[in-house]
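Working through the structure, step by step
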Amino acid sequence: MCGICGFTGELENREDVLRKMTEVITHRGPDSDGFYTDDYISMGFRRLSIIDLETGDQPITNEDGNLVLTFNGEIYNYKELKKELEGLDHHFRTTSDSEVLVHAFEEWGEDMFDKLRGMFAFAIYNKETKAIFLARDFFGIKPLHYTMIGDDLCYGSEIKSILEHPKFDRVFNEKALDAYLSFQYCPPPMTFFKDVYCLLPGHFMWFRDGVVETQKYFEPKFKPDLEMTEDEAVEKIDKVFEDSINAHKIADVEVGCFLSSGVDSSYVASYFEGQKTFTVGFDFGEKYNEITWAKELSDKINVEHFDKLISSEEFWAAVPKVQYHMDQPLADPSCVALYFVTKLASEHVKVVLSGEGADELFGGYTCYNDPRVFKVYQKIVPYFMRRFIGWVCSKLPDIKGRDYLIRAIHPLEKRYIGNAYMYDEKQKKAILKDPTIATDPARVTRRFYTRARRYDDETKMQYLDINLWMVGDILLKADRMSMANSLELRVPFLDKEVFAVASTIPTPLRVNKFNTKYAMRKAALRHLPEEVAEKPKLGFPVPTRVWLKDEHYYNVVKDMFTSTTAEKFFNTELLLDYLDEHFEGKEDNSRKIWTIYVFLVWYHIYFGAVAPEDLIPAEKPPVPEQPEETEAEAPVDTEDTETEEAPDAGQETDEEAPAPIEAADDDPSTGTKIFTPVKDTDVLPEQPEAPVEAQPEEAAEETVREYEEIYSTSPRYAKHVNVQEKEEEPPISLTDDIDPDDFFASLKEKLRENIETEDTEKSE
């Protein structure tokens, strides 16, 4: 795994600038660096040596030196491609997959992607034509960002490289804040930095004569084989997954594996007999600690297991460092846990395999059951009645069944905008100092629903998550947290050949009344105990809800909510109301609170010139010794700890467990630049954006075409590419075992109370 960066155009002290851009991503490749410069371009590279340790340094060229490549990733079929290219009279100087890439481009050009199997982000420069070719892998496993500085291009694996360019104006993008508040991440291609974009998955980009042109070369389309039987599906999945595991284990260094209690990582780990696996948990009881489960499975599948408990102090102290490495705020608390497990693994191996992508490809999230469950209710209950019941439910306390009936009001396209949900449009307008930036997320999701209009609802949800949630959350944190610890993370589920099989699995063999990922679990059952293969979806549970009811962490967040930065963006009285309601146990606002807190931490680092270490909360004071409990004393209330749900209410983080997670020290490898202070003079005042006109529902098709046309041109003309997104339904999680008698008795009583209350208010 590596890091790349570069820029075109003349610049004073170009070599020094290029070195600074490269140094800030040293964590992506601490083993060596490399540079190429001529009168037009400057290209930088950091290397984490995995394949061809001796001669695989970059930049690397073709035979005549006309093409120059820097590359981040792995090409798993590079040996087969090398033989094919040698047969076409290409000559190789190394045994690296990097050199295979540059010859593949020389031979096949834009058609090279039909040949590749792997994860990648790379830049190829043609000395003769001065053209630059950038590309990102099929699913977006490896990142690539770019911007225009005048007529010149600047790009990098991480945004922090671009920030080192002296002519780049660091301006905050308020549109990204609007989207983040709804999704918990910034949906691609926009970023939190104005005019900086991420290249979308399955896209390549040409930069020629000062103009950026992008083109899609891959789209994850589902083509279910309705004649496929369960046995055929299981056999195909098992065969292609074993092939993918073998391909992803190719390396000249030791390869390990993450392991949680879920089926995805366990399925991967079942191929690691005699090798190393890694898990972390929290010291909050079994609900937040999968270590015991992982140890038992490790014994059964004969792997050497390493684990660690993360303390509360370690978790909170790591938040600023994690948000620095993320480049953009991410409110998924499991990213902090993922930081710790990658740190643990990096102490033993250089490469790990993980289970990301299984849920999106094979239908693993419990919310994918919603269409099947809602179908009968929506048929029987008219829309106007569903709306009335939903309104009543919104007035109820958080009782079982409430969220189910609220979510069931609308058709899929209106209720589901992705796997995570935070603030709806009304809530955003209330908390934001500038409510005009709050927008309807359907402006973004509409184009994906339009493309998926022929799919059933379950498949539409998968398609949406593959293009938004997986890219903006799952793969972003997987890359950033592993690279923060100089560890290469590989994801065998997100393999082109695996998707070719997954896309043909009929919906009933993905999601049905028995389980999610139904056929995939049956394939895993061939390698795992039944209790593991059939274990319900959990996500990685993080006890944020419990922490925010602790006075110490309540005050940590309160200090941030009353900061000048909070005052700049939010109506802080409402933020404090959210915090107090949660602290007093009136409402579970943990996810909303955490979303704002993470943003403020990130903003202080990137726009407030505050180093991550200066944002670490003070250690929690020790609990004074208590006299021994007598029989007359009441027992300690542990209800919160025992009943806390996975990463905030109902949210499903990445797959089974994004990968086990362990604790780690703060500093990355020596030589890594952890923080670049931001001078006040470097930060331009935020520029007001021209308002984007709302688009009518019937313009969906035109919206898709317009969006793609805009994005395929230079970002100088792509002002509308920063499309907003937000969520507007309660947390997406299936509610099981609703007792109709209990629920409707409570509903009837609460309805009477609300009507009486409204009458009283009107009379007053």
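My aim in this report is to walk through the structure given alongside it, one point at a time.

Analysis parameters
- Residues numbered from 1 in each chain as written.
- Predicted model: local features only at pLDDT ≥ 70, side-chain atom pairs only at ≥ 80, totals over all residues.
- Heavy atoms only, no water.
- Pairing = 2+ DSSP bridges.
- Helix = DSSP H or I, 4+ residues; strand = E, 2+ residues; numbered from the N terminus.
- Axes fitted to C-alpha atoms, helices over the stretch in contact; angles between N-to-C directions.
- Salt bridge = Lys/Arg side-chain N within 4 Å of Asp/Glu carboxyl O.
- Buried < 20%, exposed > 50% of the residue type's maximum accessible area, 1.4 Å probe, protein only.
- Left-handed = near helix turned anticlockwise from the far one by under 90°.
- Contact = heavy atoms within 4.5 Å.
- Patch = residues over 30% accessible without salt bridge, like charges linked within 9 Å, V, L, I, M, F, W, Y side chains within 5 Å.
- Areas by Shrake-Rupley, 256 points an atom, 1.4 Å probe, with all protein chains shown as cover.
- Lys, Arg positive; Asp, Glu negative; His and termini not counted.
- Charge placed at Lys NZ, Arg CZ, Asp CG, Glu CD.
- Core = buried A, V, L, I, M, F, W, Y, C linked by side-chain atoms within 4.5 Å.
- Expected span 1.5 Å × (residues − 1).
- Arc of directions from axis to C-beta.

1. Notes on the sheet that holds strand E3 (residues 41–47)
The sheet built from six strands is open, its strands ordered E2-E3-E1-E9-E8-E10 with antiparallel pairing. For this open sheet the edge positions go to strand E2 (32–37) and strand E10 (196–198), each flanked by a neighbour on one side alone. For this sheet, the mean inter-axis angle between neighbouring strands, taken without regard to orientation, is 15°. Note that strand E1 (residues 2–8) and E3 share seven bridges and pair antiparallel. The partner of cysteine 2 across the bridge, within E3, is arginine 47.

2. With respect to unusual backbone geometry
A cis amide bond, omega 0°, links glutamine 58 with the succeeding residue proline 59. When you line up the elements, proline 59 lands in the loop between E3 and strand E4 (60–61). Residue proline 189 is reached from proline 188 by a cis peptide bond, and omega for that bond is 10°. Looking at where proline 189 falls in the secondary structure, it is placed in the loop between helix H5 (174–183) and E10. Look at aspartate 89: it is not a glycine, yet its phi comes out positive at around 75°.

3. Description of the pattern of salt bridges
Counted by the stated rule, this structure contains 39 salt bridges. A salt bridge links lysine 350 to aspartate 31, with the nearest nitrogen and oxygen atoms 2.6 Å apart. Within this pair, whereas lysine 350 is found in the loop between helix H10 (334–346) and strand E16 (351–353), its partner aspartate 31 is found in the loop between helix H1 (14–23) and E2, the two being separated by 319 residues in sequence. Here lysine 350 falls in the partly exposed class, since its relative accessible area comes to 24%.

4. Concerning the packing of H5 against helix H27 (residues 590–607)
Here H5 crosses H27 at 145°, and the two axes come no closer than 9 Å. H27 is crossed by H5, and the crossing has right-handed handedness. Contacts between H5 and H27 involve Leu177, Tyr180 and Leu181 on the former and, on the latter, Thr595, Ile596, Val598 and Phe599.

5. Remarks on a negative patch on the surface
Taken together, Glu63, Asp64, Asp89, Glu106, Glu107 and Glu128 make up a surface patch of like negative charges. On the secondary structure map, aspartate 89 appears in the loop between helix H2 (78–87) and helix H3 (97–108). With a relative accessible area of 56%, aspartate 89 lands in the exposed category.

6. So, the environment of valine 471
Within the fold, valine 471 resides in helix H19 (residues 469–484). Here valine 471 is in contact with Arg136, Phe139, Pro188, Pro201, Ile466 and Leu476, once residues within four sequence places are set aside.

7. A closer look at the nonpolar core
In a soluble, globular protein the nonpolar side chains are often hidden away together inside. Core analysis: the biggest nonpolar cluster contains 200 residues, and Phe122, Phe570 and Phe599 have the highest contact counts within it. At 13 residues, the largest contribution of residues to this core is made by H27. Setting aside anything within four residues of it in sequence, one finds phenylalanine 122 in contact with Ile4, Leu69, Thr70, Phe71, Leu101, Met112, Phe113, Phe133, Leu134, Ala135 and Leu144.

8. Points about a nonpolar patch on the surface
The grouping of Phe384, Met385, Phe388 and Trp391 at the surface amounts to a nonpolar patch, some 390 Å² of accessible area in total. For phenylalanine 384, the position within the fold is in helix H13 (residues 383–394). Phenylalanine 384 gets classed as exposed once you look at its relative accessible area, which sits at 58%.

9. Quick look at helix H26 (residues 572–583)
Given 3.6 residues per helical turn, the α-helix brings residues three or four places apart onto the same face. With 12 residues, H26 should reach 16 Å at 1.5 Å per residue; the first-to-last C-alpha distance of 16 Å fits that figure. Within the span of H26, buried status applies to Thr572, Leu575, Leu576, Tyr578, Leu579 and His582. Within H26, the buried residues cover an arc of 155° as seen down the axis, which keeps them to one side. Buried residues along H26 sit against helix H16 (425–431), helix H23 (544–547), helix H24 (551–561), helix H25 (564–569) and H27. Phi turns positive, to about 80°, at glycine 585, one or two residues after H26.

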